[in-house]
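# Examination of the molecular architecture
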Amino acid sequence: MKDLTDFAVLLTMKSKQTQFEALVNSYSTDLYRYAVWLTHDHNVAEELVQETYLRAWKSISSLKDSKAAKAWLITILRRENARRFEKKRPESTVNDDVDPDTLLEFACDDGLVENMSLQQSLEKLPEEYREPLLLQVMGGYSCNEIADILDITSQAVMTRLFRARQKMRKLIESSDNNYALGSNR
Amino acid sequence: MNCLEVRRAILVDPQKLSGELLSHLETCNACAAFKEEQLIFEQQLSDTMSITPPEGLASRILLAQSTGQIQTQKRQHRFLAIAASFILAIGVMIAVQINPFSQSVDQLVLAHVNNEVNHLNDKLNVSDAKIQTIFKELNMKVSSPLGQVNFAGNCEMRNKQKGAHLVLQGKNGPVTVLIMPAEQVASKRKISDPRFHGVIVPATRGSFAVVAERNEILEPYVQQLGQVIKM
């Protein structure tokens with residue numbers, strides 16, 4: 001899907017305005033989704049997307065490669081989001097307490113998870129792990145592309161993706177197993 | 001590649017698997033099942049992430065680009081947010097003044113334990129049948145024995161809402177458990193006063209609290225209760 005929209009964008013890049021409109025029509029939905037997961041607030045997400053596009057409009061002449069358009073927009077969006085927290089950015093709560101050796105236990109997991117607990121697990125995932133997962137699952141980016149967007153090494157991306165999925169499994173397991181007061185499970 | 005390496009690779013990117021990994025999957029049923037399960041998980045994850053954007057988003061972006069209107073909207077949002085916060089603050093202040101039940105769940109739990117502190121000395125060795133009766137009053141049941149229970153009874157928490165009060169024999173002393181089907185908490189929270197510490201845990205129906213003196217580790221009781229108490 002990513003390649004097709006990139007191609008569509010390329011075809012419509014005839015002028016600055018049409019280029020901008022193509023960027024909006026092609027990527028605003030994906031940017032909005034990404035923004036919601038970053039901000040946890042639909043109104044703030046929309047404002048963030050609008051800010052992102054205004055920034056993009058001001059520097060659209062610097063976009064030379066249409067294939068990089070979406071990644072360019074995501075980079076702007078991340079920067080705009082960071083601006084919101086310049087003075088009060090919360091510290092990361094990452095705690096790598098998951099043992100890789102527990103991997104084999106996953107084969108014993110029974111059943112599939114429900115969307116609601118998936119959503120809660122995704123919300124609970126530290127931003128450091130959630131972002132690469134969003135970029136891979138939602139954006140369709142490779143580890144190398146994610147590394148460029150997040151400005152970290154490809155190896156770090158792989159580690160974070162591994163841990164992100166591992167932590168989600170743990171979170172879902174714990175939400176399924178614990179605190180079932182009043183449930184029929 | 002061994003199973004651990006294969007599963008690590010699947011968790012890094014389940015959609016892009018190397019030839020070596022695919023060869024392993026042909027001969028290892030457990031890893032193949034793991035991969036299938038992960039692919040289903042990925043689909044659900046993708047569905048969860050696919051939030052529907054608000055209608056007219058693209059049009060509003062283009063409008064903001066042509067008019068610079070976003071700044072006005074932001075100021076308006078800020079003004080409304082400040083006004084809403086002010087009204088909410090006044091509302092909360094009035095509610096605190098006029099509502100006799102404005103006590104927080106934290107205060108409620110600690111007050112209940114302190115008011116009935118005499119039960120900490122009970123040694124009634126309550127039977128499983130009696131405990132089931134108490135939970136039946138709340139339309140709940142206990143799926144397995146709770147261990148030594150020194151006191152158990154139904155009680156009114158507040159607003160005439162029924163609850164249950166149990167005192168378990170802890171490792172270092174009595175552990176009070178309050179079952180509160182009508183008290184909602186958003187997330188697991190710690191509470192304490194000069195004598196006790198505790199935790200309030202959200203549940204499908206209401207919440208439950210585990211309180212003991214500070215030398216008692218509470219988490220094992222939280223885990224146990226979360227698993228054995230059923231509707």
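So, here is what we can say about the structure in this document. (Residues numbered from 1 in each chain as written. Chains lettered and ligands numbered in written order. Predicted model: local features only at pLDDT ≥ 70, side-chain atom pairs only at ≥ 80, totals over all residues. Heavy atoms only, no water.)

### Examining the overall build of chain B
- The helix and strand tally for chain B stands at eight helices and eight strands.
- When the accessible area of chain B is evaluated, it comes to approximately 12,500 Å², of which 55% is carbon and sulfur surface. (Helix = DSSP H or I, 4+ residues; strand = E, 2+ residues; numbered from the N terminus. Areas by Shrake-Rupley, 256 points an atom, 1.4 Å probe, with all protein chains shown as cover.)

### Brief notes about the sheet that holds strand E6 (residues 196-202) of chain B
Residues and elements named next belong to chain B.
- The sheet built from six strands is open, its strands ordered E2-E3-E4-E7-E6-E5 with antiparallel pairing. The strands lining the two open edges of the sheet, one partner per strand, are strand E2 (149-156) and strand E5 (189-192). For this sheet the average axis-to-axis angle between neighbouring strands, irrespective of direction, equals 20°.
- Relative to strand E4 (residues 174-180), strand E3 (residues 162-169) is paired through six bridges, and the arrangement is antiparallel. (Pairing = 2+ DSSP bridges. Axes fitted to C-alpha atoms, helices over the stretch in contact; angles between N-to-C directions.)

### Topic: the packing of aromatic side chains
Residue and element names in this part refer to chain A.
- For the structure shown, the criterion picks out two aromatic pairs over all chains.
- Measuring from centroid to centroid gives 5.8 Å for Phe 20 and Tyr 53, while their planes differ by 90°, and the two rings are edge-to-face. Separated by 33 residues along the polypeptide, Phe 20 in helix H2 (residues 16-39) and Tyr 53 in helix H3 (residues 42-58) bring together distant segments of the chain. Comparing Phe 20 with Tyr 53, the two get one shared label, buried.
- Ring centres 5.2 Å apart and planes at 70° place the aromatic pair Phe 20 and Trp 57 in the edge-to-face group. Of this pair, Phe 20 sits in helix H2 while Trp 57 sits in helix H3, and the two are 37 residues apart along the sequence.
- By relative accessible area, which is 0% here, Phe 20 ends up buried.
- In this structure Trp 57 comes out as partly exposed when scored by relative accessible area, which is 22%.
- One aromatic cluster is present, built from ring pairs that chain together Phe 20, Tyr 53 and Trp 57. (Phe/Tyr/Trp six-rings, centres within 6.5 Å; stacked < 30°, edge-to-face > 60°. Buried < 20%, exposed > 50% of the residue type's maximum accessible area, 1.4 Å probe, protein only.)

### Examining the nonpolar core
- With 62 residues, the main nonpolar core has Leu23(A), Tyr53(A), Leu133(A), Leu45(B) and Met49(B) as its most contacted residues.
- The dominant element in this core, judged by the number of residues it contributes, is H2(A), at 11 residues.
- Ranked by size, the runner-up nonpolar core spans 27 residues in total, among them Ile134(B), Met140(B), Val149(B) and Val201(B). (Core = buried A, V, L, I, M, F, W, Y, C linked by side-chain atoms within 4.5 Å.)

### Describing the packing of helix H6 (residues 127-137) of chain A against helix H3 (residues 29-49) of chain B
- The contact between H6(A) and H3(B) brings their axes to 10 Å, and the two run at 100°. Viewed along their axes, H6(A) and H3(B) adopt a mutual orientation that is roughly perpendicular. Across the interface between the two elements, Leu133(A), Leu134(A) and Val137(A) from H6(A) touch Glu42(B), Leu45(B), Ser46(B) and Met49(B) from H3(B). (Parallel < 35°, antiparallel > 145°, perpendicular 65-115°, else oblique. Contact = heavy atoms within 4.5 Å.)

### Considerations on the side chain of Arg33(A)
- Considering the arrangement of structural elements, one finds Arg33(A) in helix H2.
- A relative accessible area of 18% means that Arg33(A) is categorised as buried.
- Apart from the residues within four sequence positions on either side, Arg33(A) is in contact with Met138(A), Met49(B), Ser50(B) and Ile51(B).

### Some details on unusual backbone geometry
- With a phi angle near 60°, His40(A) is a residue other than glycine that sits in the positive phi range.
- Within the secondary structure layout, His40(A) lies in the loop between H2 and H3.
- Residue Asn125(B) is not a glycine yet carries a positive backbone phi of 45°.
- For Asn125(B), the location among the structural elements is in the loop between helix H6 (105-115) and helix H7 (128-136).

### Topic: H3(A)
- Under the 1.5 Å per step criterion, the end-to-end length of H3(A) is 25 Å for 17 residues, consistent within 8% with the ideal 24 Å.
- Sitting at the head of H3(A), Asp41(A) places a side-chain oxygen 2.8 Å from the backbone nitrogen of Asn43(A). (Expected span 1.5 Å × (residues − 1). Polar contact = N/O pair within 3.5 Å; in protein donor to acceptor, adjacent residues only side chain to side chain.)

### Some points on the state of the cysteines
Residue and element names in this part refer to chain B.
- Scanning the entire structure with this criterion turns up zero disulfides over all chains.
- No disulfide involves Cys 31; its sulfur sits 3.6 Å from the nearest other cysteine sulfur, which is in Cys 28.
- A relative accessible area of 0% places Cys 31 in the buried class. (Disulfide = S-S within 2.5 Å.)

### So, the environment of Arg163(A)
All names here are of chain A.
- As for its position among the elements, Arg 163 is in helix H8 (residues 154-177).
- A relative accessible area of 30% places Arg 163 in the partly exposed class.
- It is 9.9 Å that separates the C-alpha atoms of Arg 163 and Leu 133, two residues lying 30 residues apart in sequence.

### Details of the environment of Ala212(B)
Residues and elements named next belong to chain B.
- Secondary-structure assignment places Ala 212 in strand E7 (residues 207-213).
- Sequence separation between Ala 212 and Asn 172 is 40 residues; the distance between their C-alpha atoms is 9.2 Å.
- Not counting residues within four places of it along the chain, the set of residues in contact with Ala 212 comprises Pro 174, Val 175, Phe 196, His 197 and Leu 218.

### Remarks on the pattern of salt bridges
- Applying the stated criterion to the full structure yields 14 salt bridges over all chains.
- For the salt bridge of Glu46(A) with Arg60(B), the shortest nitrogen-to-oxygen distance reads 2.5 Å. Taken together, the residues span two chains, with Glu46(A) in helix H3 and Arg60(B) in helix H4 (residues 57-67).
- Note that Glu80(A) and Arg83(A) form a salt bridge whose closest N and O atoms lie 3.1 Å from each other. Taken together, the positions of Glu80(A) and Arg83(A), both in helix H4 (residues 69-84) and three residues apart, correspond to about one turn of that helix.
- For Glu80(A), a relative accessible area of 7% puts it in the buried group.
- Connected via shared salt-bridge partners are Asp30(A), Arg33(A) and Lys70(A). (Salt bridge = Lys/Arg side-chain N within 4 Å of Asp/Glu carboxyl O.)

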